[in-house]
Amino acid sequence: MPQTSGAELSLDRLVALAGLATAPAPQGLSQGLAGGLSGRRRGDGGDLFDLRPFRDGDDLRRIDPAATARSGRPQVRSRHEEVEQSLLLVADFRRPMLWGTKGRFRSVAAAEALALSGWRAVRAGGRVGLMILGTGDAELLAPRPREASMLRIAGALARAHAGALAAPADRHDALADLIDLVTERAAPGMAILLATGLDDPGAGFGPSAATLMRKCPFEVLLVQDAVETAPPPGRFAAVIGARLHRGRFGPSGSAELLERHGIPTRIIRAEHPVEAQAA
C-alpha cells in the first residue's frame, strides 16, 4: 500500500485497496452484496430452484416440457429470482471530519473504509455508487458495476477531499438534514453505507434515520479518533471558529446514540491503517 501523511486522501491508496478486497469482509451490509441484499428485482435467474408437479393456479408458462415428457404429467419449474444488488457509499466530508490526532484524519479513514467496502461489493458482482456530504450540494454518482465504477469513485473521493480541505471553515449542515437528502435520492432497497464521526447529528437524527431504514438497508461506519476512545486527562485550549475555548476531552457517545436508534454500526479506528482493519 502506498504511504501518505494521513492528512491527505491518496488516489493511489484508494485504487490499491482493490488488492485487499479478496480478504473476508466483516459482518455487515457492505458484505451483504455477496450474500443476499435486496434490491430491484429483475425476474427469474438462471439457476433452477425447484421442479414439482403442476397445481391449480400455477402459471402455465412455467411448465417444463422436458420434465413433463419424462414424468408423464405436467411439471412446473421455478428459478432463483435475480436481484440487482446495489450499494451506495456515503462519505461525510463536513468540516468536523477533517482532523485527526494520530494516524489518519477521520475523513481519510472514512474514505478508505468506504473504498474497501466498494471494491468488495463490485468483486461480488454488485453495483456501487457514491454520495459525498459536505458543504453545498451533495455530489452523487449513480451505482454502476465492475471495477471501472470504483476507479471513478476513487477519483471523486480524492478530488472532493482535497476540495474540502481547501474550502473555508463555513458552517455545516446537521447530519439529519443530509440523511434526508440520502433518503430522497436513494432507490428503494439500495444498501446505504455511511462513514461518519456522527458530529452534529441534529435534533431530527432519529426520525431521519428511521425513515431511511424503512426504505433501504442502512449501516454506519463510525469513525473514531484516538482522543475519542481514550480521552487524555487535563484541560486544553482550542480555537473553534473565531473564539478560544478551554475544556476537557470526554468520551464520545456516538456509538450509544446509534445503538439507541437500532442502526447497525461498525467502528473504524482512525489511528489504525486500513490494511490492519481489512485483515
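Residues numbered from 1 in each chain as written. Predicted model: local features only at pLDDT ≥ 70, side-chain atom pairs only at ≥ 80, totals over all residues. Heavy atoms only, no water.

### Examining the overall build of the protein
Helix and strand counts for the protein come out as nine helices and 10 strands. Relative to its 279 residues, the protein shows a buried fraction of 43%. In the protein, the share of contacts with a sequence separation of at least 24, taken over all contacts with a separation of at least 6, comes to 76%. Accessible surface computed for the protein: about 14100 Å², of which carbon and sulfur atoms make up 52%. (Helix = DSSP H or I, 4+ residues; strand = E, 2+ residues; numbered from the N terminus. Buried < 20%, exposed > 50% of the residue type's maximum accessible area, 1.4 Å probe, protein only. Contact = heavy atoms within 4.5 Å. Areas by Shrake-Rupley, 256 points an atom, 1.4 Å probe, with all protein chains shown as cover.)

### Details of a nonpolar patch on the surface
A cluster of nonpolar residues, Leu11, Val15 and Leu151, forms a patch on the protein surface that exposes about 230 Å² of accessible area. Here leucine 11 shows up in helix α1 (residues 11-16). (Patch = residues over 30% accessible without salt bridge, like charges linked within 9 Å, V, L, I, M, F, W, Y side chains within 5 Å. Salt bridge = Lys/Arg side-chain N within 4 Å of Asp/Glu carboxyl O.)

### Considering the packing of helix α5 (residues 175-185) against helix α6 (residues 205-215)
Two elements in contact, α5 and α6, have axes whose closest approach is 9 Å; the angle formed by their N-to-C orientations is 15°. With respect to their mutual orientation, α5 and α6 come out roughly parallel. Every pair of crossing elements has a handedness; the one defined by α5 and α6 is left-handed. In contact with Leu175, Ala176, Ile179, Asp180, Val182, Thr183 and Glu184 of α5, α6 contributes Phe205, Ser208, Ala209, Thr211, Leu212 and Lys215. (Axes fitted to C-alpha atoms, helices over the stretch in contact; angles between N-to-C directions. Parallel < 35°, antiparallel > 145°, perpendicular 65-115°, else oblique. Left-handed = near helix turned anticlockwise from the far one by under 90°.)

### What about the pattern of salt bridges?
Two side chains carrying opposite charge are able to pair once their charged atoms lie near each other. Under the definition given, this model contains nine salt bridges. In this structure, arginine 123 and glutamate 147 form a salt bridge, with 3.3 Å as the shortest nitrogen-oxygen distance. With arginine 123 in helix α3 (residues 106-123) and glutamate 147 in helix α4 (residues 146-166), the pair connects residues that are 24 residues apart, well separated along the chain. Glutamate 271 is the salt-bridge partner of arginine 269, the closest N and O atoms lying 2.5 Å from each other. Residue class for arginine 269 comes out partly exposed when judged on its relative accessible area of 26%. On the basis of relative accessible area, glutamate 271 is assigned to the buried category, the value being 14%. In this structure, a network of salt bridges that share partners links the residues Arg13, Arg104, Glu112 and Glu275.

### Details of α4
Here α4 contains 21 residues, and its C-alpha end-to-end distance of 32 Å stays within 8% of the 30 Å for a straight helix at 1.5 Å per residue. Inspection of α4 places Ser149, Met150, Ile153, Ala154, Gly155, Ala156, Leu157, Ala158, Ala160, His161 and Ala164 among the buried residues, and these make up the whole buried set. Structurally, α4 contributes buried residues whose contacts are with α1, β3 (86-92), α3, β4 (127-133) and β5 (139-145). (Expected span 1.5 Å × (residues − 1).)

### Observations regarding α3
Between its first and last C-alpha atoms α3 spans 26 Å; for 18 residues at 1.5 Å apiece the expected length is 26 Å, and the two agree. Glycine 125 lies just past α3 and shows a positive phi near 95°.

### Comments concerning the side chain of serine 254
The topology assignment puts serine 254 in helix α8 (residues 254-260). A relative accessible area of 9% places serine 254 in the buried class. Leaving out residues up to four positions away in the same chain, serine 254 has contacts with Gly197, Leu198 and Leu222.

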